[in-house]
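An overview of the molecular structure
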Amino acid sequence: MIENENIASVNLPDSDLVKKLQRTKTPVSINFELTARCNNNCRHCYINLPENNTDAESLELDINEIEDLADQAVNNGVLWCLLTGGEPLLRDDFSEIYLMLRRKGLLVSVFTNACLINETHVKLFKKYKPRELEVTVYGITEKTYEKVSGIKGSYKLFKNGLDRLLTNDIPVSLKAMAIHSNIHEIENIADFCSKHSKKKFKFDPFLHKRYDGDEKRNKKILSERLNKDEIVKIEQNNFARKNALIKSCDQLIFYQDIDASGRVFTCGVLKNGFEISYDGKLRLCPALLHPDYVYSLRIFSLMDAYRKIAENIIKARSYNEDFLNKCNKCKIINLCYFCPANSFLETGKLDTPIDTFCKNAHARQKAILEWKKSSSLS
Amino acid sequence: MKIDIINKYYKNKDVIVREIEGEYLMIPIASGIGDMEDEMYTLNETGIATWEKLSSEKTLETVIDELCEEYDANKQEITTDVIGLIEELFKRKIVLC
Ligand code: SF4
Ligand code: SF4
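What this report covers is the structure whose coordinates are included nearby. (Residues numbered from 1 in each chain as written. Chains lettered and ligands numbered in written order. Predicted model: local features only at pLDDT ≥ 70, side-chain atom pairs only at ≥ 80, totals over all residues. Heavy atoms only, no water.)

**Quick word on the interface of chain A and chain B**
Counting residues at the interface gives 30 residues for chain A and 30 residues for chain B. The contact between chain A and chain B buries some 2600 Å² in all, and 51% of this surface belongs to carbon and sulfur atoms. It is N6(A), I7(A) and L17(A) that lose the most area in chain A upon contact with chain B, and together they represent 24% of the buried surface on that side. Applying the counting criterion to the chain A and chain B interface returns two salt bridges. For E23(B), the salt bridge is made with K20(A), and the minimal N-O distance between the two is 3.6 Å. Linking chain A with chain B are 17 residue pairs in polar contact (both at pLDDT 80 or more), by the criterion used here. Contributing elements (two or more residues each) for the side of chain A that touches chain B: β1 (7-10), α1 (16-23), α4 (94-103) and α5 (119-127) of chain A. The leading source of residues in the side of chain A that touches chain B is β1(A), at four residues. Class assignment of the residues belonging to the side of chain A that touches chain B gives a composition of 14 nonpolar, six polar and ten charged. Pairing of β1(A) with strand β4 (residues 40-43) of chain B, which is carried by four bridges, proceeds in the antiparallel orientation. (Contact = heavy atoms within 4.5 Å. Buried area = accessible area lost by both parts, 1.4 Å probe. Salt bridge = Lys/Arg side-chain N within 4 Å of Asp/Glu carboxyl O. Polar contact = N/O pair within 3.5 Å; in protein donor to acceptor, adjacent residues only side chain to side chain. Helix = DSSP H or I, 4+ residues; strand = E, 2+ residues; numbered from the N terminus. Nonpolar A, V, L, I, M, F, W, Y, C, P; charged D, E, K, R; others polar. Pairing = 2+ DSSP bridges.)

So this is what it looks like as structure tokens:
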């Protein structure tokens, strides 16, 4: 208990300060994709390049550039920061970057596959705990993990890295991607994650297409995507997920058509966060790669680039009748993977309804309404 | 430990203070500072004025004198206020001595 009126303790997520920040017009988080390179080569990955890809490495932002962008973000009230990749721990200067960002008062989280966690990282994370350390679990058997990761020996590295974190009491959040290569053990993955994680287990069945448009890799990604029945089944089998869907049914399924009046962007993209690609480009959503919404921070300041993208987002209108009659009015858009960024990745246009997404969303709608009905009856 | 104004109290360099939307947020960045993991603190005007003056080069009494001069306020009141604040900060390792 604090007994002096000049100081008060705050629980940030519920604080007035965060509420105030959320009302501001600009993002309150900055996410650095420190590298596109990765020690793994996951079948479903939208970004990874080989760890020894020197061309990609030479384009990466250096620590001074990252510091300059962080200063600009801090001066604009940004509070949260995420370090991701590729695999961020592949960078030799990861520890320096991490500490530099912490010392600016940013609340830093890290996404990693845990394979490269060594004693230096353990010491660092023990003394300077990340806000969140999120590790993705691709499988809990060697066969499955390595089928997904594509790298022999990676399962052992993952287990050792995760063990190092857990035995040193460094809290981790564990999550999974649900894909064809690991769907047979997804329930065991869920149990494993719930046992070792401080947070509720999360899984994601949606796979983005490649950011670099690599057609061969895109084929692999499509072959890993679950179909509508598989998605409904894993959601039904996961108690927490099913309940959350039932509870938020009214936010996910509207009673009436919405009226987006031709606006292409109806999501919260202007406030999502500053997404900084490994080669120094600003996007407001990691998957929004259309050139009208990507500006180089090696040319523009953070806020100038933000304003240019924001202007283009606000004025974007669609004249595609198919889109205007479907997605632009859609009652279940919140259940659908459709968004302008994904539409662009799938079709090269921002406003094209996507048949498989549509089928998935309708199957999920039907299932959720049935679950809701039977839960209210019981 | 009792707070004594003849001591020199200084800021723990593992605590960052940021002004955001007119509020002063204290962010402990190393483990073991504050009461709980993840806890943060806000300071009011007097709190931040005191914090900014703390230094390993000057006694708390000097800090109090500077505050009295700046705010043209009663020394007794300021002393009570500042000692109360330093007590809270010191027991959480936000300031060191
Ligand atoms: S570990 Fe992550 S970044 Fe690396 S290849 Fe797999 S999904 Fe991609
Ligand atoms: S693809 Fe279908 S379900 Fe998805 S937003 Fe468009 S109309 Fe709605």
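**Quick notes on the site of ligand 2**
Lining the immediate environment of ligand 2, one finds K326(A), C327(A), C330(A), I333(A), C336(A), F338(A), I354(A), C358(A) and A361(A). Of the residues that constitute the shell around ligand 2, the class distribution is eight nonpolar, no polar and one charged. (Near = heavy atom within 4 Å.)

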